[in-house]
Amino acid sequence: MSDLPNLTGAARPIDRAALTGPCPDHAPRILLLYGSLRARSYSRFLALEAERLLRAFGCETRVFHADGLPLPDDSGADHPKVAELREAAIWSEGMVWVSPERHGAMTGVLKSQIDWIPLSMGAVRPTQGRTLALMQVSGGSQSFNALNQMRILGRWMRMVTIPNQSSVPKAFQLFDEDGRMAAGPFYDRVVDVCEELVKVTWLTRAAGAYLTDRYSERKETAEALIARVNSSSGS
């Protein structure tokens, strides 16, 4: 790297061994969020259907229920529901976000949950490097508006968002009175998404810290350290 004068000592060669290190033995930990508070919520039904599949694929799961979660900035981080959500985010190694499409967009219920999860909590990053799967339900024809918005959010939250996704149209026709999803191509796509999420989580979680170890952040940390040392020396 001697011919790259703009690089600092924070630059490092790629460590291939760090990408293939031993994987943790415990089951992948997946947190599921959904975007509706209705008594008969199809996004909740879809999240619970995904949870059953993830458990069948060997995952440990949690579903966060947003009932009682305050609007962002309308309370403090010590609010019980906010604390519950943030603890679950830190616990997780992957997530599933399920939103209805309302007015051509994801719902405020789901966005509020994501907004309560900061990019950084002290030295802990609650979402960075975690895997993410996206699903949406619609009352009418198939659409991808909510999915597209959530994919932007996943990138912003520095998550490893899998390529596959699920859009369930006319959801009221695809779930029975008990909230179970009917067999068919839309159910099969949900299986595909859950299967892919588990595979990608197994592949990436062992190397998660290395995958999110960025030059710009190392450089900033190194420069901050030098500034502190120089400041101490001059005092």
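Look up: the structure comes first, before these words.
Residues numbered from 1 in each chain as written. Predicted model: local features only at pLDDT ≥ 70, side-chain atom pairs only at ≥ 80, totals over all residues. Heavy atoms only, no water.

## Regarding the overall build of the protein
This is how the line gets drawn: Starting at the N terminus, helices and strands are each numbered in turn, a helix being any DSSP run of H or I of at least four residues and a strand any DSSP run of E of at least two. Contacts are assigned to residue pairs with any non-hydrogen atoms lying within 4.5 Å of each other. Surface accessibility follows the Shrake-Rupley procedure with a 1.4 Å probe radius. Residue values consider only the protein chains on display as shielding.
Along the protein, the regular secondary structure elements total 8 helices and 5 strands. For the protein, the N- to C-terminal ordering of α and β elements is α-β-α-β-α-β-α-β-α-β-α-α-α. Viewed in the frame of its principal axes, the protein has a C-alpha envelope of about 70 × 40 × 30 Å. The contacts in the protein between residues at least 6 apart in sequence include a share of 77% that link residues at least 24 apart. About 12500 Å² of surface is accessible on the protein, with carbon and sulfur atoms providing 54% of the total.

## A closer look at helix H5 (residues 145-156)
As a reminder, the rule being used: Expected helix span is given by 1.5 Å per residue-to-residue step, counting one fewer step than there are residues. Relative accessibility under 20% of the residue-type maximum defines a buried residue, over 50% an exposed one, and the middle range a partly exposed one, all with a 1.4 Å probe and only protein chains included. The directions considered for the arc run from the helix axis to the C-beta atoms.
With 12 residues, H5 should cover 16 Å at 1.5 Å per step; its first-to-last C-alpha distance of 17 Å lies within 8% of that length. Among the residues making up H5, those that are buried are Ala146, Leu147, Met150, Leu153 and Gly154. Projected onto a plane normal to the axis of H5, the buried residues spread over an arc of 120° and lie on a single side. H5 presents Arg155 and Trp156 as exposed residues on the side facing more than 90 degrees away from its buried surface. Contacts made by the buried residues of H5 are with strand E3 (94-100), helix H4 (108-115), strand E4 (131-137) and strand E5 (160-168). Phi for Arg158, located one or two positions after H5, is positive at around 60°.

## Here's the deal with the nonpolar core
Basically, it comes down to this: Only buried residues count toward a nonpolar core. Its members are Ala, Val, Leu, Ile, Met, Phe, Trp, Tyr and Cys residues joined through side-chain atoms within 4.5 Å.
Leu46, Leu54, Val96 and Met135 are the most contacted members of the largest nonpolar core, which totals 28 residues. When residues of this core are traced back to their parent elements, those giving at least two are strand E1 (29-34), helix H2 (42-56), E3, E4, E5 and helix H6 (185-205). Those residues within four positions of Leu46 in sequence are excluded, and the remaining contacts are Val98, Met135, Gln136, Val137, Val168, Phe175, Met181 and Val190. Among the nonpolar cores identified, the runner-up in size contains 24 residues, and Phe64, Val82, Ile114 and Ala146 belong to it.

## As for the environment of Ala183
Here Ala183 shows up in the loop between E5 and H6. Residues Ala183 and Val200, spaced 17 residues apart in sequence, show a C-alpha to C-alpha distance of 25 Å.

Purely geometric stuff here, so don't read any function into it on its own.
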